[in-house]
Structure formats: C-alpha cells, structure tokens
Amino acid sequence: MKDNNKICVLGTGYVGLVSGVCFAEMGNLVTCIDRHKDKVEMMRKGKSPIFEPGLSELMKKNIKKERLFFETSLKKGMKGATMVFICVGTPPKKNGEADLSHVKKAAQQIAKNLQKYTQIVIKSTVPVGTSAMTERLIRRHCKAEFDVLFCPEFLREGSAVGDFLKPDRVVIGATDKKIARDLVQVFKELKAPIFVTNRSSSELIKYASNCFLANKISLINEIANVCEYTEADVEEVAHGVGLDKRIGPHFLKAGIGYGGSCFPKDVHALNQYAGAKGYDFKLLKAVIKVNQQQRDNFVKKIEKRLGNLKDKRIAVLGLAFKGNTDDIRESAAIEIIKALTKKGAKIQTYDPEAINRAKEVLDGQVRYFRNPYSAIRNCDLLAITTEWPEFKKLSWRKIKTLLKNPIILDGKNMLDGVKLRKMGFDYQGVGTSNGTK
Ligand code: UDX
C-alpha cells in the first residue's frame, strides 16, 4: 500500500465516485466525502448510488482492503490527506453559463480544514480561470500552504471504470511543472501519456474535447440528413470517412443527437463563455441547432408514417441518454417522448435501467413495461431511442406478430435493416434510406 498517497475526494457523483474508487484500486488510501448521510451509509456497504458496470465490485473490493472510506465530514477526510480532489457538479445556469457555486462552497470548506501543505485538484469541468479564482478564494480564508491544480476527467458513463484506468491521456494543469510532480506520480502507473500544461490551457482542453466530439456527432448527423436525399448510406459513409487516420472511426455514429450530462452542458458553457468575452462562437451555435434538429426530425418522421398522432400507440425502446446507464439527463428519448405525447400519442416504453428516473420527469401519458415485448404489443410503430446492446438480440419474428403495423424507426442505427426489411418490416434508420443498412 502506498501510504504516502492519502487522497480525499469531495463529491460522489459520477466523476467523484469513479475517481475515488479507481484511486483506491491503484493502491492509494482514499476517503470520499458526501454531505448526504444515507448515501454515505449505502456506499460504505459497497453499494453504488449510480448504475455503472463494474463499479460496485471495485467498491466492495477496496472497502474490504481498507483503502476506500466514505465520510460526511470533510475534516475527517482531509486528516493526513496530501491531495484533495474537488469533484462537485457545475450545472448549467439558464443562460448556459457553468454554475460554480458548488466549487466555491467546496473551496471555502477546504480552506476551513487546511492544516498543512495540501494539493487541491479540481476535477469538475470548469471555465478558464476557475483554478486561479479558487486559489484566491482559499487564500482569503486560510493561512496554510497549498496549491490548486486542474486535472480534467474524460470518463464516459457506462464505461467509466475502464476509461479512468485506461485513459488515452492524463492532463494536468499547474502553475509550475514542479508542482505537478506528485500528481504525475499518482497517474504514472496508468501508463498513459501525461500532459502537464498551465491551468488555463488544461481547463480549456476539457471543454474543447467535449465540443470537438459534439461537433463530430453533429457533422455526421448533417451528413446523414444529406444521405436521406440520395442513394448514400451514412453508416457506409462514416466507415469510409473514419478510415482516414486524421479523422478516426469514433463518434461518427449518426442518430437522434447527443445527450447526457456533459456534451449539451459543455457546448452551451463554452459558447456562453466565448460570448461573454466578446467572441461569437458560430460553429458551436450550429452544433447546438443541429442537435436539436435531429430530435425534431425524428418526431417528424414518425408523423410522416402515422399521420395525426392523436391516440396513436407508439412503442419507444430506450429512455437513457445512451446504453449502459440509467442516466436520463438531456436524453433525446425523453425529449422525443414529450413531443409525441404533446401531439396526443400514447407511449409504451421499456428501458433496462432508466424507468424509475424517467417516471420522475414524464407525465401520465406514458406506460412503462418491465419487458420490451409487452411494451411493443399492439403499437402502431416501434421507435428505438437508446443504443442498449440487448435491443439487438430481440426476437424480431415475435415482434412482427406483436406490432399492429410492422414499422421500425431506428434512431440509433443499431439494427440490421437488411435483415428486418427481408422479414417484411418497414425499417428506417437515420441517413440510411436506400436500404443498404
Ligand atoms: C462524454 C465524453 O465522451 C467524456 O469524455 C466526458 O468526460 C463526458 O461526456 P458521456 O456523456 O458519458 O461522455 O457519453 P458519450 O459516450 O460520449 O456519449 C454522449 C452522447 O453522444 C450520447 O447521447 C450518445 O448516444 C451520443 N453519441 C455518441 C452519438 O450520437 N454518436 C456517437 O458517435 C457517439
């Protein structure tokens, strides 16, 4: 055990909990802090408050090895810690700007408990200048020595543990390379390239990465829309384009647009930040517009098939913003269901994990089912809105007998359209109108 690395992680959302658990897995002594007593009790038993493959197992293992602890008291967590990670939320304000109130509060609490030199590492996604602002804030409240560093997190929900332990790169922002030495040491064993830069650059790297990926998705969605006027198939186009090493094959999946807790928020935040500085970020504005349009187009396609949606029964498979998560934040599926129910449609839906969360935001026009076949029974159309791997394995023969009309609109281009058309389905993906997919 490396007893020189005693780490405190403030905040146990996706980033905080996964980081804390993985730091423990890497051999560090970790205490994760959350102000909710019930949540802390639950986590102490090795139960993860979020659905994330592999996370509970790692929690249990490291709790047993006595290197992972959960506390409500920051004072206890910071006792003897050489590093404190700030992993609190930075939700969007109404105007898109990142709300830094949790970061500021965390900084004040840390300041109150600082006794000796500590490295304070911000992992929350924050606008350029936040590390410097945090440093000033802490300095105002305490006399102990400290440094503030920034270390963005690039993990994806659904593959968070793997992404954390096998990252493409680790980025560290510090005022001086020497200050970054200890943090470099923590990440060294991950055998990933470690890039140390100044704090402002590191803060912008996180936003730029997410905006770049969101841009890639919106671009392929625009290509998909053009495909629908032609004989081209966006799946084939994306494959051919992605073979170019300069472009790469990832994040070229066309569909109903990106959702989740990061892309929408971060694209809006960078657009807002640039605007506030006096720069009009036209490309990001277009990315946002295209993303909304993909959702609207999908609803229009359903209307084109069914005409007036009043009292039409539509099966929607998928509520989460993507597969392998129960997270519905900014989920295209939820927005599409809201638009359909507004037009009078009756929705029957199934999702392996996200039903309970969806119930909190959708109204009474939606019926939830614990298996996909029951959701599909007697429907006028089937819409696929989340890329859950299990949807690929459904019995389409059975589904053909359950649907009133054999129409499938695949918003995630995840099914085998050739096979389904052969079976007599009227199948349509996004940008795949000529039927090669
Ligand atoms: C993202 C970033 O990938 C991650 O680096 C960052 O730390 C947090 O934000 P996440 O939101 O968990 O991760 O999911 P991701 O897999 O990136 O997907 C985001 C959205 O884009 C989903 O709605 C997904 O369905 C959509 N998507 C993704 C596409 O529509 N097409 C693609 O090719 C890839």
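Everything below is about the structure printed above this text.
Sequence positions are assigned chain by chain, starting from 1 and proceeding in written order. Only residues with pLDDT of 70 or above have their local features reported here, since the model is predicted, and side-chain atom pairs are shown and tallied only from 80 upward, although totals for entire chains, interfaces and linings are computed over all residues. Side-chain descriptors were evaluated using all non-hydrogen atoms of the structure, hydrogens and water having been removed beforehand.

K.L.:
Is there a simple way to think about the overall build of the protein in this case?
P.N.:
Helix and strand assignments come from DSSP, with helices taken as H or I runs of at least 4 residues and strands as E runs of at least 2, each series counted from the N terminus. Along the backbone of the protein there are 17 helices and 14 strands. Using C-alpha atoms as the atom set, the radius of gyration is obtained and then compared with a globule rule of 2.2 Å times the number of residues to the power 0.38. In terms of overall size, the protein behaves like a compact globule, its C-alpha atoms giving a radius of gyration of 24 Å where 437 residues would be expected to give roughly 22 Å. Each principal axis of the C-alpha distribution contributes one length, and for the protein these read about 70 × 45 × 40 Å. Counting across all 437 residues of the protein, residues that qualify as buried make up 54%. Should any heavy atoms of two residues lie within 4.5 Å, those residues are counted as being in contact. For the protein, long-range pairs separated by at least 24 residues make up 71% of all intrachain contacts whose partners lie at least 6 apart in sequence. Each accessible area value is a Shrake-Rupley result obtained with a 1.4 Å probe; residue values ignore everything except the protein chains displayed when judging cover. Carbon and sulfur atoms make up 52% of the accessible area of the protein, which totals about 20500 Å². Each residue gets one of three labels from its accessible area relative to the maximum for its type: buried under 20%, exposed over 50%, partly exposed in between, using a 1.4 Å probe on protein chains only.

K.L.:
What should I look at first to understand unusual backbone geometry in this one?
P.N.:
A negative phi holds for most residues other than glycine; trans holds for most peptide bonds. One non-glycine residue, E66, lies in positive phi territory at about 55°. Its location among the elements puts E66 in the loop between α3 (55-64) and β3 (68-71). Relative accessible area serves as the criterion here: at 54%, E66 is assigned to the exposed category. We note that E330 has phi near 55°; this positive angle belongs to a residue other than glycine. Within the secondary structure, E330 is located in the loop between β9 (313-317) and α13 (332-342). Residue classification places E330 among the partly exposed positions, given a relative accessible area of 45%.

K.L.:
Which parts of the structure should I look at to understand the pairing of strand β6 (residues 146-150)?
P.N.:
Note on strand geometry: in a regular strand, side chains alternate between the two faces of the sheet. Buried residues dominate β6, accounting for five of its five residues. Alternating residues of β6 divide into F146, V148 and F150 and D147 and L149, and every residue in both groups is buried. Only when DSSP finds a minimum of two bridges between them are two strands counted as paired. The pairing of strand β5 (residues 118-122) with β6 spans five bridges and is classified as parallel. The residue bridging V121 from the neighbouring strand is L149, located in β6. In this fold, β5 hands off to helix α6 (residues 130-141), which returns the chain to β6; that crossover is right-handed. Handedness of a crossover is defined as follows: with both strands directed away from the viewer, a clockwise route from the first strand across the helix to the second makes it right-handed.

K.L.:
Looking at this structure, I do not really get the environment of A354. What am I missing?
P.N.:
Examined against the element boundaries, A354 turns out to sit in the loop between β10 (346-350) and α14 (355-361). Linking A354 and R305, residues 49 residues apart in sequence, is a C-alpha distance of 27 Å. Apart from the residues lying within four places of it in its own chain, the contact partners of A354 are L319, A320, D326 and I328.

K.L.:
How should the nonpolar core be read in this particular structure?
P.N.:
Proteins that are soluble and globular tend to have nonpolar side chains buried together. In these notes, a set of buried Ala, Val, Leu, Ile, Met, Phe, Trp, Tyr and Cys residues joined through side-chain atoms within 4.5 Å is what counts as a nonpolar core. In terms of nonpolar packing, the biggest core is built from 50 residues, with I302, I314, L340, L382, W396, I399 and I408 touching the most fellow members. Tallying contributions element by element places α13 first for this core, with five residues. Not counting residues within four places of it along the chain, the set of residues in contact with I399 comprises Y373, I376, L382, L394 and F425. V18, M59, V121 and A180 belong to the second-largest nonpolar core, a separate cluster that totals 40 residues.

K.L.:
Which parts of the structure should I look at to understand the packing of helix α9 (residues 199-227) against helix α11 (residues 263-277)?
P.N.:
Angle between the axes and distance between the axes: these two values describe a pair of packed helices. Interaxial angle, 0 to 180 degrees, is taken between N-to-C directions of lines fitted to C-alpha atoms, where a helix line uses only the stretch in contact. The interhelical angle for the contact between α9 and α11, taken along N-to-C directions, is 115°, at an axis separation of 9 Å. Judged by the inter-axis angle, α9 sits roughly perpendicular to α11. When you trace α9 past α11, the crossing you get is left-handed. In this structure, α9 uses L204, K206, Y207, N210, C211, L213, A214 and I217 to contact α11, whose residues at the interface are F263, D266, V267, A269 and L270. Three classes are used: nonpolar for Ala, Val, Leu, Ile, Met, Phe, Trp, Tyr, Cys and Pro, charged for Asp, Glu, Lys and Arg, and polar for all others, with Gly counted as polar. Residues that form the contact of α9 with α11 fall into these classes: 10 nonpolar, one polar and two charged. For classification purposes, angles smaller than 35 degrees are called roughly parallel, those larger than 145 roughly antiparallel, those between 65 and 115 roughly perpendicular, and all remaining angles oblique. Rotating anticlockwise by less than a right angle from the far helix to the near helix defines a left-handed crossing, while the corresponding clockwise rotation defines a right-handed one.

K.L.:
Looking at this structure, I do not really get the pattern of salt bridges. What am I missing?
P.N.:
Any two side chains of opposite charge can pair if their charged atoms end up close together. Criterion for a salt bridge: a side-chain nitrogen of Lys or Arg within 4 Å of a carboxyl oxygen of Asp or Glu. Per the stated rule, a full pass over the model turns up 25 salt bridges. Its salt-bridge partner being E25, residue K61 comes within 2.8 Å of it at the nearest N-O pair. Of the two residues, K61 is situated in helix α3 and E25 in helix α1 (residues 14-25); the sequence distance between them amounts to 36 residues. Of the charged contacts in the structure, one is a salt bridge between K412 and E387, with a shortest N-O distance of 3.3 Å.

K.L.:
Is there a simple way to think about the site of the ligand in this case?
P.N.:
Nearness is defined per residue: one heavy atom within 4 Å of the molecule or strand is enough. Every one of the 19 residues lining the ligand counts as a neighbour, but F154, L155, E157, K253 and E387 are closest to it. The contact in question runs from an oxygen atom of the ligand to an N or O atom on the backbone of E157, over 2.7 Å. N or O atoms within 3.5 Å of each other form a polar contact, as long as, within protein, one can give a hydrogen and the other can take it, and as long as residues adjacent in sequence are counted only when both atoms are side-chain atoms. At a separation of 3.0 Å, an oxygen atom of the ligand approaches a polar side-chain atom of K412. In isolation the ligand has 660 Å² of accessible area, and contact with the protein removes 92% of it. Top element by residues in the shell around the ligand is α9. It accounts for three residues. Of the residues that constitute the shell around the ligand, the class distribution is nine nonpolar, two polar and eight charged.

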